[in-house]
Amino acid sequence: MGHATEKPESPARSADADADADALADGVNDYDRFAEAYARETEDNLVNAYYARPAMLALAGDVTGRRVLDVGCGAGPLSAALRDRGATVTGVDASARMLALARKRLGDGVALHRADLRDPLPFEDGVFDDVVASLVLHYLEDWGPVLAEIRRVLAPGGRLFASVDHPFVAYTFQEPRPDYFTTTSYAFDWTLEGESHPMRFWRKPLHAMTDAFTTAGFHRVVISEPQPDPAARDLFPDAFRDLSTRPTFLFFAAGTPS
């Protein structure tokens, strides 16, 4: 957005993590409340359909025959694209309603699991060749536990592809501006089909993002700031120029040792 053998107990959550859980209970970041509207809004729009998803697929490249975990799979559009390119896909998401939409889209050919990324992933070690985490990590204050879990479930030589809100953009959301070099939260409302939904995210400085990957055991960390799909130029002429000339999301590719 987001199981097999017995795993270690979840590590104790910090007060900030508990605050995040309380916020979710209060309706913040509650995808179950707007799953259908979100899925319709993002199916063919510029930012998701012609920018975020194509960029992730381009980073992943040839996935034929690869076992891919889609972390935060939502309603399943990225999972479907990976499956159609020959991958064996597994999806996880925290939202039951999102997973129900994904099941309708994907049928029984993609394994889907409900999982909170603040908890250990419910998979054995080394069972995936690739993990994709599209616009997911920025919901978490601490990337360490989830990146360690992703590293654990990846096979030797496995790859991680991730995207987040660009930290330079997130830095501008608050006035007065926060300390750029600390991890801070930011919030705003999403309007979907005329209804407003409160959202909360976490912004990190760029060095903290790359440090989190290397600390978790990833190497060859590549940062990408891609352009939107040129096919969108005629479909969204004004918005396309805006999106192609300013930062929006930041993309990462990282590997594990062979």
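Our subject is the structure that appears above.
Here the structure is a predicted model, which is why all the values come from computation and not from measurement. (Residues numbered from 1 in each chain as written. Predicted model: local features only at pLDDT ≥ 70, side-chain atom pairs only at ≥ 80, totals over all residues. Heavy atoms only, no water.)

Further remarks concern helix 8 (residues 206–215). Listing the buried residues of helix 8 in full gives M209, A212 and F213. All buried residues of helix 8 lie within an arc of 95° about the axis, which places them on one face of the element. Contacts made by the buried residues of helix 8 are with helix 6 (144–153), strand 5 (154–165), helix 7 (167–170), strand 8 (219–224) and strand 9 (249–255). Where helix 8 terminates, the next one or two residues include G217, which has phi positive at roughly 100°. (Buried < 20%, exposed > 50% of the residue type's maximum accessible area, 1.4 Å probe, protein only. Helix = DSSP H or I, 4+ residues; strand = E, 2+ residues; numbered from the N terminus. Arc of directions from axis to C-beta. Contact = heavy atoms within 4.5 Å.)

Let us now look at the pattern of salt bridges. Scanning the entire structure with this criterion turns up twelve salt bridges. Note that R105 is salt-bridged to E43, the shortest N-O span being 2.5 Å. With R105 in helix 5 (residues 96–106) and E43 in helix 2 (residues 31–43), the pair connects residues that are 62 residues apart, well separated along the chain. Among the residues examined, E43 registers a relative accessible area of 28% and is labelled partly exposed. Note that R118 is salt-bridged to D116, the shortest N-O span being 2.8 Å. The exposure class of R118 is partly exposed, given its relative accessible area of 21%. Connected via shared salt-bridge partners are R66, D130 and R159. (Salt bridge = Lys/Arg side-chain N within 4 Å of Asp/Glu carboxyl O.)

Attention now goes to the sheet that holds strand 9. In a beta sheet, neighbouring strands are held together by backbone hydrogen bonds and run either parallel or antiparallel to one another. Strand order in this open sheet of seven strands is 3-2-1-4-5-9-8, and the pairing throughout is mixed. If you trace the sheet from one side to the other, it starts and ends with strand 3 (111–114) and strand 8, each paired once. Direction aside, neighbouring strands of the sheet carry axes that sit 15° apart on average. As judged from the four bridges shared by strand 8 and strand 9, these two strands associate in the antiparallel manner. Considered in strand 9, the bridge of H219 is made with G255. Across the sheet, helix 5 lies against strand 2 (88–93) and strand 3, angled at about 175° from strand 3, the strand it touches most. The strands that helix 8 touches are strand 5, strand 8 and strand 9; relative to strand 9, the one it contacts most, it runs at about 25°. (Pairing = 2+ DSSP bridges. Axes fitted to C-alpha atoms, helices over the stretch in contact; angles between N-to-C directions.)

Inside soluble globular proteins, nonpolar side chains tend to come together where they are buried. Grouped together as the largest cluster of nonpolar side chains are 32 residues, with contacts concentrated most on L82, L112 and V132. Ranked by the residues each element gives to this core, the list is headed by helix 3 (residues 46–60), at nine residues. Every residue in contact with V132, bar those within four places of it in the chain, is listed here: M56, V68, L69, D70, V71, L78, L82 and F161. (Core = buried A, V, L, I, M, F, W, Y, C linked by side-chain atoms within 4.5 Å.)

Turning next to the environment of T256. Within the secondary structure, T256 is located in the segment after strand 9. The buried category is assigned to T256, whose relative accessible area is 1%. For the pair T256 and L154, spaced 102 residues apart in sequence, the C-alpha separation works out to 7.7 Å. Setting aside anything within four residues of it in sequence, one finds T256 in contact with R151, L154, A155, P156, G157, G158, F218 and H219. A polar contact is formed between the side chain of T256 and the backbone nitrogen of G158, at a distance of 2.7 Å. (Polar contact = N/O pair within 3.5 Å; in protein donor to acceptor, adjacent residues only side chain to side chain.)

Turning our attention to unusual backbone geometry. Cis rather than trans, the peptide bond between E175 and P176 has omega equal to 0°. Despite not being glycine, E193 has its phi angle at roughly 50°, a positive value. Here E193 shows up in the loop between strand 6 (184–192) and strand 7 (195–203). With a relative accessible area of 48%, E193 lands in the partly exposed category. Residues other than glycine seldom take positive phi values, yet R220 does so here, at roughly 50°. Looking at where R220 falls in the secondary structure, it is placed in strand 8. The class of R220 is exposed, set by a relative accessible area of 58%.

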